[in-house]
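Close look at the chain arrangement
Residues per chain, in single letters:
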Amino acid sequence: MPELSSDSSVHENARYLAKACELAYFDEEKAKGLFRDELGLDAHFLTANNTQVYVAGDDKNLVVAFRGSQSPESLDGLKDWLLTNANNFLIVPEGQIGTDFAAAGVGARFHRGFMQALADIWEPLIAEVESAQEAKERLLWVTGHSLGGGLALLAAWRFHRRFLSVNQVYTFGAPMVGNALAAEAYQREFSGKIHRFVDRLDFVPLLPTVSLVANEYGHCLTEFALGEEASDPSSATADSMLRSMVQTTADGILHATIIDEIWGHVHQRIASHMMTNYQSRIAAKCDNA
């Protein structure tokens, strides 16, 4: 595995951080050994409610790797995305997390569910990162796959507001985390530092398709597209159905039956969202460079 470095190419760093994202899915005991053996990093595991993250470092780098949704390849996992993780009203955060995001500017709004997930883990995470950087200042990299990619983006903002310099952020198959004004705020604060890898057949970067109030979500910063354009008409049908899921109950929750209806259309594309797919596509880019 090539060394993680600001002097390396984007795809070489992506290969390294994609491995970190893969390891983030393993249980603590196994992951710690793999972080050490495969990446040369000493890893610490943090968990709170349904949010998990590894903070792993060596003499030069500190990597914060968020775990994504545990079962996005299953129907239950898809429902978790669209109903639970996609607790997706756009909000202006309140409290301490609201103070951190106020600098995004008037009108910037963020995904409520993702904000809550980050808030759950924030206190032990910021304590771990600050302690690590006080012991030895290193380049700070923030990464995540799937839901973890969304949390990586939000965490990078909060690190920045706490005067922790974020070197770069890499996400793989990540959803949108805020509206267009939030995306513009990331452009201002992290220009050239965020690298968003997306397989063209992966449906998760389409999420949240709608906010259930208005279709205001937008992606931030540079996209690195992987794979070929979809040629199967059914893939276009899946995109259309995902984008049209605005039927709600009175309290704004998607009907589970609607998700069942689209499952057959997106199931064939689940493989495109898997971390192994992103790793193989990025490795191919590196090998062909």
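Here is what the cut-offs are and how they apply
Residues numbered from 1 in each chain as written. Predicted model: local features only at pLDDT ≥ 70, side-chain atom pairs only at ≥ 80, totals over all residues. Heavy atoms only, no water. Helix = DSSP H or I, 4+ residues; strand = E, 2+ residues; numbered from the N terminus. Contact = heavy atoms within 4.5 Å. Areas by Shrake-Rupley, 256 points an atom, 1.4 Å probe, with all protein chains shown as cover. Core = buried A, V, L, I, M, F, W, Y, C linked by side-chain atoms within 4.5 Å. Buried < 20%, exposed > 50% of the residue type's maximum accessible area, 1.4 Å probe, protein only. Salt bridge = Lys/Arg side-chain N within 4 Å of Asp/Glu carboxyl O. Expected span 1.5 Å × (residues − 1).

What follows covers the overall build of the protein chain. From N to C terminus, the protein chain includes ten helices and eleven strands. In the protein chain, of all internal contacts separated by at least 6 residues, the share reaching a separation of at least 24 is 75%. Surface exposure of the protein chain reaches about 12400 Å², of which carbon and sulfur atoms provide 48%.

Looking now at unusual backbone geometry. Outside of glycine, negative phi angles account for most residues, and trans bonds account for most peptide bonds. The backbone of S146 sits at a positive phi, close to 65°, despite the residue not being glycine. Within the element layout of this structure, S146 appears in the loop between strand 6 (139-145) and helix 6 (147-161). In the Ramachandran plot, F163 falls in the positive-phi region, its phi being about 65° despite a non-glycine side chain.

Among the nonpolar cores identified, the biggest contains 44 residues, and V64, F66, L125, F159 and Y186 are the most heavily contacted of them. When residues of this core are assigned to their parent elements, the largest contribution, ten residues, is made by helix 5 (residues 112-135). One finds Y16, A24, Y54 and A65 within the second-largest nonpolar core, a separate group that totals 29 residues.

What the rule picks out here adds up to ten salt bridges. Of the charged contacts, one joins E223 and R196 as a salt bridge, the two residues approaching to 3.2 Å between their closest N and O atoms. Within this pair, whereas E223 is found in strand 11 (residues 223-226), its partner R196 is found in strand 9 (residues 194-199), the two being separated by 27 residues in sequence. On the basis of relative accessible area, E223 is assigned to the partly exposed category, the value being 44%. Salt bridges sharing common partners tie together K19, E22 and E38.

So, on to helix 1 (residues 10-23). Its 14 residues place the ends of helix 1 20 Å apart at the C-alpha level, agreeing with the 20 Å of an ideal helix rising 1.5 Å per residue. Counting buried positions along helix 1 yields eleven of 14 residues, so the element is predominantly enclosed. Of all the positions in helix 1, only N13, A14, R15, Y16, L17, A18, K19, A20, C21, E22 and L23 are classed as buried.

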